[in-house]
Amino acid sequence: MITHCLMMTKTTAQAISISMIFLAFEGLDGSGKSTLMRQLEEHLSEKKISFLKTREPGGTPVGDQLREIILKKSSDAPTARTELLLYEASRAQHVDCVIRPALEQKKWVLCDRFSASSIAFQAGGRQISESQVEWLNDFATGSLEPHLNILLDLTVEESKKRRVNRATQVGVAEDRMESEAELFHQRVRKAFLDQGQKKPKAWLILDASQTPEKLFELLKTELKERQWLA
Ligand code: TYD
């Protein structure tokens, strides 16, 4: 368990080396991130490529405590600005204690959500100024950005259907973010797509209604084209 860590100096993932790759998986809830990440994990293991799989909010003991506060449904829920700061606090701890050290050890990092989620949910969904969220992202990450954001794009209707199915099958209730109104999720989806359109080189946008096998094939093709995978 990580008990403490040192603040790292400011370097981007790109500046460290290309032998390790930082990938962030993004999308609406229920878009299939976990399945795609699991397929890539198996592939990297077969190829004997060392990697770290992690997630936000969370990924560290401090982050996991913040995650509880953020996602718990309660009458004393954090306000929009507090919520943003909690996500960013979790991210700063995660970058300093887990992500940068893994990249420095030349590992691939597969992260379930990263900064782009704050732009989508807090700027898009909660309508906080995008430039303020960008500033906080930059501060929390020390300017670290994923080499590639993989967006599993899904309609809000399909996302809702999958969430409800999952809740009935596994018996898990929706968390505070999931139970937001449809319009909120529409804004989140749009904010993800807008980010992809603004920086196409940093994004792979996949239509998440395709089969898991097809989605993994598309991801592998992209990683090979970028010469990150043989
Ligand atoms: P989680 O159960 O991990 O959802 P998922 O499996 O879909 O990733 O809950 C994370 C929730 O937090 C999810 O609804 C997205 C939201 N979120 C933000 O609003 N802002 C952020 O910066 C991050 C990282 C997540």
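Look above for the structure.
Here's what I pulled together on the structure shown here. (Residues numbered from 1 in each chain as written. Predicted model: local features only at pLDDT ≥ 70, side-chain atom pairs only at ≥ 80, totals over all residues. Heavy atoms only, no water.)

## Some words on the packing of aromatic side chains
Turning to step 1, where the next piece is worked out: Tallied over the full model, the rule gives four aromatic pairs.
Turning to step 2, where the next piece is worked out: Taking 6.4 Å as the distance between ring centres and 50° as the angle between the ring planes, the aromatic pair formed by phenylalanine 121 and phenylalanine 184 counts as tilted. Separated by 63 residues along the polypeptide, phenylalanine 121 in helix H5 (residues 115–125) and phenylalanine 184 in helix H8 (residues 182–198) bring together distant segments of the chain. There is no split in this pair, since phenylalanine 121 and phenylalanine 184 are both buried.
Turning to step 3, where the next piece is worked out: Arranged with centres 5.5 Å apart and planes meeting at 5°, the rings of tryptophan 135 and phenylalanine 139 form a pair that is stacked. (Phe/Tyr/Trp six-rings, centres within 6.5 Å; stacked < 30°, edge-to-face > 60°. Helix = DSSP H or I, 4+ residues; strand = E, 2+ residues; numbered from the N terminus. Buried < 20%, exposed > 50% of the residue type's maximum accessible area, 1.4 Å probe, protein only.)

## Section: the site of the ligand
Turning to step 1, where the next piece is worked out: What surrounds the ligand is a group of 16 residues, the closest being Asp29, Lys33, Arg113, Ser118 and Gln122.
Turning to step 2, where the next piece is worked out: Taking arginine 113, its side chain carries an N or O atom lying 2.7 Å from an oxygen atom of the ligand.
Turning to step 3, where the next piece is worked out: One nitrogen or oxygen atom from the side chain of glutamine 122 is found 2.7 Å from a nitrogen atom belonging to the ligand.
Turning to step 4, where the next piece is worked out: Among the elements of the structure, helix H3 (61–71), helix H4 (80–104) and H5 are those that each provide at least two residues to the shell around the ligand.
Turning to step 5, where the next piece is worked out: Here the shell around the ligand takes four residues from H5, the largest share from any one element.
Turning to step 6, where the next piece is worked out: Of the residues in the shell around the ligand, the class split is five nonpolar, three polar and eight charged. (Near = heavy atom within 4 Å. Polar contact = N/O pair within 3.5 Å; in protein donor to acceptor, adjacent residues only side chain to side chain. Nonpolar A, V, L, I, M, F, W, Y, C, P; charged D, E, K, R; others polar.)

## Some details on the sheet that holds strand E3 (residues 108–112)
Turning to step 1, where the next piece is worked out: Strand order across the open sheet formed by five strands is E2-E3-E1-E4-E5, with parallel pairing between neighbours. Two strands lie at the open edges of the sheet, namely strand E2 (51–55) and strand E5 (203–207), each paired on one side alone. Put simply, the sheet's adjacent strands are angled 20° from each other on average, direction ignored.
Turning to step 2, where the next piece is worked out: The sheet contact formed by strand E1 (residues 22–27) and E3 spans four bridges and is parallel. Along E3, the bridge assignment pairs leucine 23 with leucine 110.
Turning to step 3, where the next piece is worked out: Sheet strands touched by helix H9 (residues 212–225): E1, E3, strand E4 (148–153) and E5. Its angle to E5, the strand with the most contacts, is close to 160°. (Pairing = 2+ DSSP bridges. Axes fitted to C-alpha atoms, helices over the stretch in contact; angles between N-to-C directions. Contact = heavy atoms within 4.5 Å.)

## Some remarks on helix H7 (residues 156–170)
Turning to step 1, where the next piece is worked out: For H7, with 15 residues, the first-to-last C-alpha span of 21 Å sits near the 21 Å given by 1.5 Å per residue.
Turning to step 2, where the next piece is worked out: For H7, the complete set of buried residues consists of Val156, Ser159 and Arg163. In an axial view of H7, the angular spread of the buried residues amounts to 60°, which keeps them on one side of the axis. When the buried face of H7 is taken as reference, the exposed residues oriented beyond 90 degrees from it are Lys161, Thr168 and Gln169.
Turning to step 3, where the next piece is worked out: Downstream of H7 by one or two residues, glycine 171 has phi in the positive range, about 75°. (Expected span 1.5 Å × (residues − 1). Arc of directions from axis to C-beta.)

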